Amino acid sequence: SYVLIVVLVGCGLYFTLSTGLVQLRMLPEMFRLLTEGIGKKTEGKAISSFQAFCVSTASRVGVGNIAGVAIAIVTGGPGAVFWMWVIAFIGCATGFVESTLAQIYKLPRGEGKFHGGPAYYIQNALGQSGVAKLFAVLISITFGLIYNSVQANTIALSAVTAFGIPPYVTAIFLCVLTSLVIFGGMTRIAKCAEFLVPIMAGVY
């Protein structure tokens with residue numbers, strides 16, 4: 001709804017100003033940290049800063065960034081690209097604040113592992129335990145069913161349209177590949193993302 005757009009843009013502008021244009025101010029540090037982690041060998045279940053960036057990018061970039069961008073350009077014309085750039089720039093500050101809060105309020109779970117995320121800082125920073133639990137349930141349903149369904153459906157429709165591949169074949173193919181990655185744990189997910197995300201970004 002329009003209310004959501006106003007809230008998101010408003011928060012983005014507030015965070016942009018309150019962090020002193022963190023999107024620009026911290027660019028050198030961002031590149032330093034990313035290049036520092038490229039190709040870095042990690043021990044045990046640890047992941048490098050570049051792998052963490054790739055996992056984050058893989059979780060943020062989806063159908064909306066491909067099909068959604070195409071629809072926006074067709075509907076709004078070339079000017080839509082400019083406004084997407086503006087909103088993305090503003091959204092960088094929101095993303096920075098979200099990630100920072102997740103780091104500040106994460107909790108150790110032993111063996112160098114942590115629990116964290118929005119539910120944790122909603123509970124521990126805002127003191128809203130009920131809202132945090134509701135968020136945790138809703139985000140699990142959303143990511144587990146809705147987001148994955150939309151992306152799998154888009155892939156299946158594209159495969160049918162372009163190559164005539166039946167949806168059930170695409171479904172089996174996606175299930176097998178996804179299982180090989182996610183059942184390997186965070187380390188395998190990070191290594192896969194580290195390999196695929198640069199290719200995805202370059203091809204796109």
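Residues numbered from 1 in each chain as written. Predicted model: local features only at pLDDT ≥ 70, side-chain atom pairs only at ≥ 80, totals over all residues. Heavy atoms only, no water.

Novice: Kindly report on the packing of helix H4 (residues 49-60) against helix H10 (residues 185-203), identifying the contributing residues and their values.
Specialist: Contact geometry of H4 with H10 gives a least axis separation of 8 Å together with a crossing angle of 75 degrees. As far as their axial angle goes, H10 and H4 are roughly perpendicular. For the pair H4 and H10, contact is made by Phe 50, Gln 51, Cys 54, Val 55, Thr 57 and Ala 58 and by Met 186, Ile 189, Ala 190, Lys 191, Ala 193, Glu 194, Val 197, Pro 198 and Met 200, respectively. Among the residues making up the contact of H4 with H10, the classes are represented as 11 nonpolar, two polar and two charged. (Axes fitted to C-alpha atoms, helices over the stretch in contact; angles between N-to-C directions. Helix = DSSP H or I, 4+ residues; strand = E, 2+ residues; numbered from the N terminus. Parallel < 35°, antiparallel > 145°, perpendicular 65-115°, else oblique. Contact = heavy atoms within 4.5 Å. Nonpolar A, V, L, I, M, F, W, Y, C, P; charged D, E, K, R; others polar.)

Novice: Outline the side chain of Thr 57, listing residues and values.
Specialist: Residue placement: Thr 57 occurs in helix H4. The exposure class of Thr 57 is buried, given its relative accessible area of 16%. Residues within four places of Thr 57 in sequence aside, it is in contact with Val 197 and Met 200. (Buried < 20%, exposed > 50% of the residue type's maximum accessible area, 1.4 Å probe, protein only.)

Novice: Please set out the side chain of Gln 51 residue by residue, giving values where relevant.
Specialist: Position of Gln 51 relative to the elements: it lies in helix H4. By relative accessible area, which is 4% here, Gln 51 ends up buried. Engagement of the side chain of Gln 51 in a polar contact is seen with the side chain of Glu 194, the distance being 3.0 Å. Setting aside anything within four residues of it in sequence, one finds Gln 51 in contact with Thr 42, Ala 46, Ala 190, Lys 191 and Glu 194. (Polar contact = N/O pair within 3.5 Å; in protein donor to acceptor, adjacent residues only side chain to side chain.)

Novice: Report on a nonpolar patch on the surface, specifying residues and quantitative values.
Specialist: A cluster of nonpolar side chains, contributed by Leu 134, Val 137, Leu 138, Ile 141, Phe 143, Leu 145, Ile 146, Tyr 147 and Val 150, occupies part of the molecular surface with about 830 Å² of accessible area. Judged by its relative accessible area of 51%, Leu 134 is exposed. (Patch = residues over 30% accessible without salt bridge, like charges linked within 9 Å, V, L, I, M, F, W, Y side chains within 5 Å. Areas by Shrake-Rupley, 256 points an atom, 1.4 Å probe, with all protein chains shown as cover. Salt bridge = Lys/Arg side-chain N within 4 Å of Asp/Glu carboxyl O.)

Novice: Go over the confidence of the model for the chain, please, and point to the residues and values.
Specialist: Per-residue pLDDT for the chain averages 90, and the proportion of residues at 70 or more is 100%. Mean pLDDT per element in the chain: strand S2 (residues 113-115) is the minimum at 82, and helix H1 (residues 2-18) is the maximum at 96. (pLDDT = per-residue confidence, 0-100.)

Novice: Please set out the pattern of salt bridges residue by residue, giving values where relevant.
Specialist: Any two side chains of opposite charge can pair, given that their charged atoms come close. A complete count under the given rule lists one salt bridge for this structure. In this structure, Glu 29 and Arg 32 form a salt bridge, with 2.9 Å as the shortest nitrogen-oxygen distance. Separated by three residues within a single helix, Glu 29 and Arg 32 lie in helix H3 (residues 27-37), roughly one turn from each other. Assessed through its relative accessible area of 30%, Glu 29 is described here as partly exposed.

Novice: How would you summarise the nonpolar core if you had to cite specific residues and measurements?
Specialist: Grouped burial of nonpolar side chains is what soluble globular proteins tend to show. In this structure, Leu 34, Phe 50, Cys 54, Ala 193 and Val 197 together form the largest nonpolar core, which totals five residues. Listing elements by their share of this core, those giving two or more residues are H4 and H10. If near-sequence neighbours (up to four positions away) are discounted, Ala 193 is found in contact with Cys 54, Val 55 and Pro 198. (Core = buried A, V, L, I, M, F, W, Y, C linked by side-chain atoms within 4.5 Å.)

Novice: Account for H10, naming residues and giving values.
Specialist: In a regular helix each residue adds 1.5 Å, so 19 residues correspond to 27 Å; H10 covers 27 Å between its end C-alpha atoms and thus fits that length. A maximum bend of about 30 degrees is found in H10 at Leu 196, where proline Pro 198 lies one to four positions downstream. Residues of H10 that are buried: Thr 187, Ala 190, Ala 193, Glu 194 and Val 197. (Expected span 1.5 Å × (residues − 1). Bend = angle between axes of the 7 residues up to and from the residue.)

Novice: Give me helix H5 (residues 63-76): which residues, what numbers.
Specialist: The end-to-end C-alpha distance of H5 is 18 Å, a good match for the 20 Å that 14 residues give at a rise of 1.5 Å each. Along H5, the helix axis deviates most sharply at Val 69, where the bend reaches about 25 degrees. Phi turns positive one or two residues past the end of H5, at Gly 77, with a value near 80 degrees.

Novice: Any details on the packing of H1 against helix H6 (residues 79-104)? Residues and values, ideally.
Specialist: Where H1 contacts H6, the two axes come as close as 8 Å, and the packing angle between them is 70 degrees. Between H1 and H6, the crossing angle belongs to the class labelled roughly perpendicular. In contact with Val 9, Cys 11, Gly 12, Leu 13, Phe 15 and Thr 16 of H1, H6 contributes Ile 87, Ile 90, Ala 93, Thr 94 and Val 97. Taken together, the residues of the contact of H1 with H6 sort by class into eight nonpolar, three polar and no charged.

Novice: Run through the pairing of strand S1 (residues 107-110), naming residues and quoting values.
Specialist: Looking at chain direction, S1 and S2 are connected through three bridges and run antiparallel. Each residue of the ladder has a partner; that of Leu 107, found in S2, is His 115. Hairpin connection between S1 and S2: a loop of two residues separates the two successive antiparallel strands, and Glu 111 in this loop has a positive phi of roughly 60 degrees. (Pairing = 2+ DSSP bridges.)

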